[in-house]
Amino acid sequence: MADNNVTEPQTNDPTQQSAATEAAKSAKAAPTPAAIKAHAPSPAAFAKSATHAPAAKTGGFGESEIKDAERFGRVDDNGTVYVKDGDTEREVGQFPDASKEEALSLYARRYLDLKAKLDLFAQRLKSNSIKPREIDETVTALGEELAKPDVVGDIPALRTRFEELKTKAQEKKTSIANARKEAVAKAVAERTKIVEKAEELAANLGDNTNWRSTADKFRSLFDQWQQHQRTTVRIDRADADALWKRFSSARTTFNQSRRKWAQARDNERATARKAKEAIIAEANELKDSTAWVETSHRFNDLMARWKQAGRAGRQEDDALWAQFREAADTFFNARQADRDQMNTAEKENLAKKEALLVKAEALVPVKDEAEAKKARQQLAEIQEEWDQIGYVPREDMHRIESRLDDVDKQIKAVEDAAWKRSDPEADARKSSFEGQLKAQLDELDEQIAKASDPKVKAKLEAEKATKEQWLNAIM
């Protein structure tokens, strides 16, 4: 992909689209000053077609411009036209069948035409689109025309202007050459960046490489290379070939690595396919089992093995999974049907236990020990019947068990209170505590009577009120 067929980009310059002088405007097409060949016709041809009436403005030039040029020439009685060229006078042509004014005007317009070419060249030198070859061709053509031009006008001034333009033309060529060097250096740097990106991709290939994404990146870099080659300045062949060799080497490294990965992937897929086919065979052997718990565990193991088997390719994986899923669904649907049947029985058990709960909760509250004893006997009968009913739905188990426990706790609270009242040790502890409280209350009464500080007195009274509550609670 060296730059053999690439042309440099062209830019349109607005100065090329407008004439610098009135003479340039009169031309139908003037791509370069060197291409302008619009000389006046020969004297004989002009004499045949020209009218003898003088025109105020001809050829796109003003009367004052023509008159100013005519000052440097003359016409003798024979129609011979002369021009003052520096310190000499020389003949530039004859116009015998026209007036002196017409003959002199014709050669003055030729002078203005030549001057317009210089003006146009000056404008072209300002353009960014002018090429060194155009500059050289134009300088050569203008130099030939100015050597001994058949015109009437200030020829030394034209030659001086031409020398100035030659100097500017050389400066322009130097500027173009420098700009090209900079453009070439920039183009080499830009293309080197493309190469470095390709080399970086090739250097980072590994097990975690996303091959499709990396291929897209290489394709994008190649497109950038081609676009850069088409739209930028042509670089030296040696640099272009060296960069292309590096870029091509990086792409070759990627392509070889991708082929190796593809081969390894195909082998892995074949291994995965065999493993999954074996799993499907085991699943088909288990699908009609009614050993729900054990077979469920075995299907879970098969699922774990399936995940560890790897990928067999999208299409094959989908087909294999459908076969495995069919066997698994056969078993799990049968298990679910069995569970649905079991759930129906559990719901019936729930209704029976909720009916027993109504009987149990009707036993409370109990007022005394006798009622508690009777309620305990009835609750025992209910609990025995409760245990014989069987399982209820898991989500209802805690709710109904808690309600039955609440009944048991209420009856037990009355039983415990009755036992505490009949416990001798409890009575002794109660009497001892009651005595202590009364003694403390007597002491607090004495302290309150003696207290003079309102804050201290208030604190003692609060303490007395608390201990009086304790005493009331145990009596």
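- Labelled according to an unreviewed UniProt entry, the chain appears under the name DNA repair protein, originating from Bifidobacterium anseris.

1. Some remarks on helix α4 (residues 100-125)
No. 1: Taking 1.5 Å per residue as the helical rise, α4 with its 26 residues ought to reach 38 Å, and the 38 Å between its terminal C-alpha atoms agrees with that figure.
No. 2: Most of α4 is tucked away, with 21 of its 26 residues classed as buried.

2. As for the environment of Ala-281
No. 1: Tracing the backbone through its elements, the reader meets Ala-281 in helix α8 (residues 237-286).
No. 2: Put simply, Ala-281 and Ala-327 are 46 residues apart on the chain and 9.2 Å apart in space, counted from C-alpha to C-alpha.

3. A few points about the pattern of salt bridges
No. 1: Enumeration according to the criterion identifies 27 salt bridges in this entry.
No. 2: Its salt-bridge partner being Asp-77, residue Lys-100 comes within 2.8 Å of it at the nearest N-O pair. Highlighted residues: Lys-100 in helix α4 and Asp-77 in the loop between β1 (73-75) and β2 (80-85), separated in sequence by 23 residues.
No. 3: The exposure class assigned to Asp-77 is exposed, which follows from its relative accessible area of 71%.
No. 4: Its salt-bridge partner being Glu-354, residue Arg-399 comes within 3.0 Å of it at the nearest N-O pair. Linking Arg-399 in helix α12 (residues 394-421) with Glu-354 in helix α10 (residues 314-361), this pair joins segments that are 45 residues apart in sequence.
No. 5: For Arg-399, a relative accessible area of 34% puts it in the partly exposed group.
No. 6: Here the residues in one salt-bridge network are Glu-63, Lys-67 and Glu-70, joined through shared partners.

4. Quick look at the sheet that holds strand β3 (residues 88-94)
No. 1: Strand order in the open sheet made by the 3 strands is β1-β2-β3, with antiparallel pairing throughout. What marks the edges here is a single partner per strand, and that holds for β1 and β3. Strand after strand, the sheet turns through a mean of 25° between neighbouring axes, direction not considered.
No. 2: Taken together, the 6 bridges between β2 and β3 define a ladder with antiparallel strand orientation. Considered in β3, the bridge of Val-81 is made with Gly-93.
No. 3: Sheet strands in contact with α4 are β1, β2 and β3, and its direction is about 145° off that of β1.

What counts, and at which threshold
- Residues numbered from 1 in each chain as written.
- Predicted model: local features only at pLDDT ≥ 70, side-chain atom pairs only at ≥ 80, totals over all residues.
- Heavy atoms only, no water.
- Helix = DSSP H or I, 4+ residues; strand = E, 2+ residues; numbered from the N terminus.
- Expected span 1.5 Å × (residues − 1).
- Buried < 20%, exposed > 50% of the residue type's maximum accessible area, 1.4 Å probe, protein only.
- Salt bridge = Lys/Arg side-chain N within 4 Å of Asp/Glu carboxyl O.
- Pairing = 2+ DSSP bridges.
- Axes fitted to C-alpha atoms, helices over the stretch in contact; angles between N-to-C directions.
- Contact = heavy atoms within 4.5 Å.

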